[in-house]
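Structural features, examined
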Amino acid sequence: MNIRYAVIATSALLATPAAQAVQNIDQSLPTGATPSVEISNVQGRVSVSAWDQPVVKVTGTIENDKTEFEFSGDAGRVVIKVRPESSKTDRHDDALLDIKVPAGASLDVNTVSADIQVEGVRGAQQLESVSGDVTATAFDEEVEVQTISGDAAVNGSGGKARVETESVSGDVKVRGVSGELQAKSVSGDLELELGTMTRLQMETVSGNVRADAILASDGRVEAESVSGNVRIRFGKPVNGEFDLESFSGSIDSCFGPKAERKSKYAPGSELRFTQGEGGARVSVDTMSGNIKLCDM
Amino acid sequence: MSTVRFGRDERERDPLLRQVAALPQEIEPSRDLWPDIRARLKQAPPDRAPAAGGLSWSWALAAGVAVASVSVLFTWMVVKTPADGPAQMAGVTAAPATALQPVSYGGYSSLGADYVRTRSQMLDLFNSRLADLPEETRSRVEADLATIHKAAADIDAALAADPSSKLLNKLLLSTYQEEMRLYTTVADPGEAGRNKRT
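Quantities reported herein were computed from a predicted structural model and do not represent experimental measurements.

Here's the deal with the pairing of strand β4 (residues 44–51) of chain A
All names here are of chain A. Relative to strand β8 (residues 95–102), β4 runs parallel, the two being bridged by eight bridges. What sits directly across from Gly44, in β8, is Ala95. Relative to strand β10 (residues 115–119), β4 runs parallel, the two being bridged by five bridges. Residue pairing for β10: Arg45 is matched across the bridge by Asp115.

Spelled out as structure tokens, the structure:
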């Protein structure tokens, strides 16, 4: 039997006539061990951390008594929403939410300018913000981060999560992740310090790519950029088939042969070689961005 | 290619979306195909290489545009149609007077009529939603669109020097996709953007 709880707070809890009313939030909801938790907030902060109780607890403040706060759900699904009064208001009232969830929870968090911070949550995470910064830790379940201008940072924890990060102009930083990663941006830089990778896909238009990674024996690494530079360092031993091409950028590798001009009539250069025992495959394409490979 | 994201409500209500969600993300071949492919490539005589190469780049580019077009149309339908009535469109306002223009691709592009029409509709939604973004974010998005404009122009100029370049055609296709990814990311502001009460 589902036990449904619904709490709608639309009036000020601590209001004074002379000052702007503030809603203080302190509410809890019992759940199962692995609930899906959906959170949306426009402005301020969403901080989610895991604990060992089958309870979702929300504390925080909303700096406006006209903003609607919804906290509802059951054992399997919890919804937390902050709804501002109007989309065209000039008021800038933050909603600062600190949320505790069971460690096995999965998250779907969506904000406009509110930052998103997630710690210790082991379920799947889908985190989206327009201009807020997003910070998350990846365990074994998939982590997807999408921003427009906000920065995205994902830290690994030794698990095998598949991680996807997409930004437009925000920078993307991923550290300590192994397994599969897809990182995309238009102008934001990609800074990746990775473990052993089976699949690594990096795409930018003008952002620079700086990646450190260890190639799995059957790993696949692809990097593509129009004008951004691509610098990748691989952990030793490096065993792979490399296919590097740039239309007008330089190609420089610490191992393998020298890059050659594709044609005496065109500026393009390419470099294809097998390093060590092969096995993995590495492909890097740029138009004017420089390519640099090295070991570490 | 940008990923179309649905809210949980949509996924649970729509039986087709439930079936789509249940499909595997990818299907691994039963064995590593690369050694055989590599061996065949090495065996193929040079004069047969082009035939073995399959689609020409112009066809590949056209196919890529077609795929992007379908994806964009699908995305546009999703973000255009309110999932729960007024909430979906609550954040939409009139397009700003100085609406941003789509990326103009040069003579080496293969944009079909359907693609251009769908992109135009997507751009209208993008411009509407852009007006709702914080000013700093809006400025950065405008700068990013300018970045894609410049990338397309640079690639087009490079194609003039080497029209058959697989690299440049591949990057041109990626540029189409990045432009669309920008539109869809802005056009669908997510749950928080839709939740503003009017």
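Alright, that's what it looks like, and here's the rest.
With respect to the environment of A:Phe255
Residue and element names in this part refer to chain A. Mapped onto the secondary structure, Phe255 falls in the loop between β22 (251–253) and β23 (260–263). On the basis of relative accessible area, Phe255 is assigned to the buried category, the value being 6%. Taking C-alpha positions, Phe255 is 25 Å from Gly176, a pair spaced 79 residues apart along the chain. Not counting the four nearest positions on each side in its chain, Phe255 is found in contact with Phe234, Val238, Phe242, Phe273, Gln275, Leu293, Cys294 and Asp295.

Quick look at the packing of aromatic side chains
Any aromatic ring pair is given by two values, namely how distant the centres are and how the planes are angled relative to each other. This model, assessed by the stated rule, comprises seven aromatic pairs over all chains. Taking 6.1 Å as the distance between ring centres and 50° as the angle between the ring planes, the aromatic pair formed by B:Tyr115 and B:Tyr176 counts as tilted. Note that B:Tyr115 is positioned in helix α7 (residues 113–130) and B:Tyr176 in helix α9 (residues 166–187), a separation of 61 residues in sequence. For the pair B:Tyr115 and B:Tyr176, one class covers both residues: buried. Measuring from ring centre to ring centre gives 4.9 Å for B:Phe126 and B:Tyr183, while their planes differ by 55°; the resulting arrangement is tilted. Taken as a pair, B:Phe126 in helix α7 and B:Tyr183 in helix α9 lie far apart in primary sequence, 57 residues in all. Here B:Phe126 matches B:Tyr183 in class, with each residue buried. The structure contains a cluster of three or more aromatic residues connected by ring pairs, namely A:Phe234, A:Phe242, A:Phe255 and A:Phe273.

Some points on the state of the cysteines
Residues and elements named next belong to chain A. Summed over the entire model, instances satisfying the criterion amount to one disulfide over all chains. Here Cys254 connects covalently by a disulfide to Cys294, the sulfurs 1.7 Å from one another. Judged by the sign of its S-S torsion, about -80°, the cystine formed by Cys254 and Cys294 is left-handed. Here Cys254, found in the loop between β22 and β23, pairs with Cys294, found in strand β26 (residues 291–295); they are 40 residues apart in sequence, far enough to count as distant.

Details of empty space enclosed by the protein
Enumeration according to the criterion identifies four cavities of 30 Å³ or more in this entry. By volume, the second largest cavity amounts to about 60 Å³. Considering the residues around the second largest cavity, the lining is formed by A:Glu203, A:Thr204, A:Val205, A:Glu224, A:Ser225, A:Val226, B:Leu171, B:Ser174, B:Thr175 and B:Glu178. Listed by contribution, the elements that provide at least two residues to the lining of the second largest cavity are β18 (190–204) and β19 (209–225) of chain A together with α9 of chain B. Sorting elements by how many residues they give to the lining of the second largest cavity places α9(B) first, with four residues. For the lining of the second largest cavity, the per-class residue count stands at three nonpolar, four polar and three charged.

Some details on the domain arrangement of chain A
Looking at the assigned domains, one finds that chain A contains domain 1 (18–106) and domain 2 (133–296). One C-alpha centre belongs to domain 1 of chain A, the other to domain 2 of chain A; they are set 37 Å apart.

What about the confidence of the model for chain A?
Mean pLDDT for chain A: 89, with 89% of residues reaching 70 or above. Note that pLDDT drops below 50 for residues 1–18 of chain A; the model gives that stretch 35 contacts with residues more than four away or on any other chain.

What about the nonpolar core?
Counting residues in hydrophobic clusters, the biggest one holds 66 residues, and the most contacted among them are A:Ile80, A:Ile99, A:Met202 and A:Phe234. A domain split of this core shows at least three residues from each of domain 1 (18–106) and domain 2 (133–296) of chain A. Listed in part, the 39 residues of the second largest apolar core include A:Ile148, A:Val205, B:Val103 and B:Ile155.

Here's the deal with a negative patch on the surface
A surface patch of like charges, here negative, comprises A:Asp133, A:Asp151, A:Asp171 and A:Glu191. Since its relative accessible area comes to 32%, A:Glu191 is described here as partly exposed.

Concerning the packing of α7(B) against α9(B)
All names here are of chain B. At a minimum axis separation of 8 Å, α7 and α9 run at an interaxial angle of 40°. When the axis of α7 is compared with that of α9, the two are oblique. Considering how the two elements wind past one another, α7 and α9 form a crossing that is left-handed. Each of Tyr115, Arg119, Met122, Leu123, Leu125, Phe126, Arg129 and Leu130 in α7 lies in contact with α9, whose residues at this interface are Tyr176, Glu179, Met180, Leu182, Tyr183, Thr184, Val186 and Ala187. Here the residues of the contact of α7 with α9 are counted per class, giving 12 nonpolar, one polar and three charged.

Some details on unusual backbone geometry
With an omega dihedral of -5°, the bond running from A:Lys236 to A:Pro237 counts as a cis peptide bond. Tracing the backbone shows A:Pro237 in the loop between β20 (230–234) and β21 (240–246).

Comments concerning the pattern of salt bridges
Residue and element names in this part refer to chain A. All told, the structure shown has 22 salt bridges over all chains when counted by the stated rule. In this structure, the salt-bridge partner of Glu245 is Arg272, at a minimum N-O distance of 3.8 Å. In this pair, Glu245 is assigned in strand β21 and Arg272 in strand β24 (residues 266–275), connecting sequence segments 27 residues apart. Its salt-bridge partner being Lys292, residue Asp252 comes within 3.0 Å of it at the nearest N-O pair. Highlighted residues: Asp252 in strand β22 and Lys292 in strand β26, separated in sequence by 40 residues. A relative accessible area of 36% places Asp252 in the partly exposed class. Accessibility expressed as a relative area gives 36% for Lys292, which makes it partly exposed. Beyond isolated ion pairs, a larger network of salt bridges with shared partners links Glu142, Arg162, Glu164 and Glu180.

The rules behind the values
Counting starts from 1 at the beginning of each chain's written sequence and moves along it residue by residue. Here every chain gets a letter starting at A, and every ligand a number starting at 1, in the order they are written. Only residues with pLDDT of at least 70 are given local features in this predicted model, and only at 80 or more are side-chain atom pairs given and counted; all residues enter the totals for whole chains, interfaces and linings. Water and hydrogen atoms were dropped before computing side-chain values, which therefore reflect all heavy atoms in the structure. By this definition, two strands are paired if DSSP reports at least two bridges between them. Here a helix means four or more residues in a row that DSSP labels H or I, a strand means two or more in a row labelled E, and each is numbered from the N terminus. Burial status follows relative accessibility: with a 1.4 Å probe on protein chains alone, a residue under 20% of its type maximum counts as buried, one over 50% as exposed, and anything between as partly exposed. Throughout, a residue-residue contact means that at least one pair of heavy atoms, one from each residue, lies within 4.5 Å. Any pair of Phe, Tyr and Trp rings, taking the six-membered ring for Trp, is counted once the centres come within 6.5 Å. Such a pair is stacked with planes under 30 degrees apart, edge-to-face with planes over 60 apart, and tilted for the rest. In plain terms, two cysteine sulfur atoms within 2.5 Å form what is called a disulfide here. Residues are called lining when one of their atoms sits within 4 Å of a cavity or pocket point, these points coming from a 1 Å grid over the protein atoms alone, where a cavity is a set in which a 1.4 Å probe fits but cannot get out and a pocket is an open set with protein on both sides within 12 Å along at least five of seven lines. Grid points are joined across faces, edges and corners, and a volume is the space filled by probe spheres set on the points. Under the convention adopted here, Pro, Cys and the residues Ala, Val, Leu, Ile, Met, Phe, Trp and Tyr are nonpolar, Asp, Glu, Lys and Arg are charged, and Gly plus all remaining residues are polar. The split into domains, and so the bounds of each, comes from an automatic or database assignment of domains. Scored from 0 to 100, pLDDT reflects the predictor's confidence in each residue. Here, nonpolar core means buried Ala, Val, Leu, Ile, Met, Phe, Trp, Tyr and Cys residues that are tied together by side-chain atoms lying within 4.5 Å of each other. Exposure above 30% relative accessible area and the lack of any salt bridge qualify a residue for a patch; like charges then connect within 9 Å, and the nonpolar side chains Val, Leu, Ile, Met, Phe, Trp and Tyr within 5 Å. Accessible surface area values rest on a Shrake-Rupley calculation with a 1.4 Å probe, where residue burial reflects the displayed protein chains alone. Here a salt bridge means any side-chain nitrogen of Lys or Arg lying within 4 Å of a carboxyl oxygen belonging to Asp or Glu. The convention is simple: Lys and Arg are positive, Asp and Glu are negative, and His and the chain ends are not counted. Positions of charges follow a simple convention, taking NZ of Lys, CZ of Arg, CG of Asp or CD of Glu. Interaxial angle, 0 to 180 degrees, is taken between N-to-C directions of lines fitted to C-alpha atoms, where a helix line uses only the stretch in contact. Under this scheme an angle from 65 to 115 degrees is roughly perpendicular, one under 35 degrees roughly parallel, and one over 145 degrees roughly antiparallel; angles in between are oblique. Crossings are assigned a handedness: left-handed for a near helix turned anticlockwise from the far helix by less than a right angle, right-handed for a clockwise turn.

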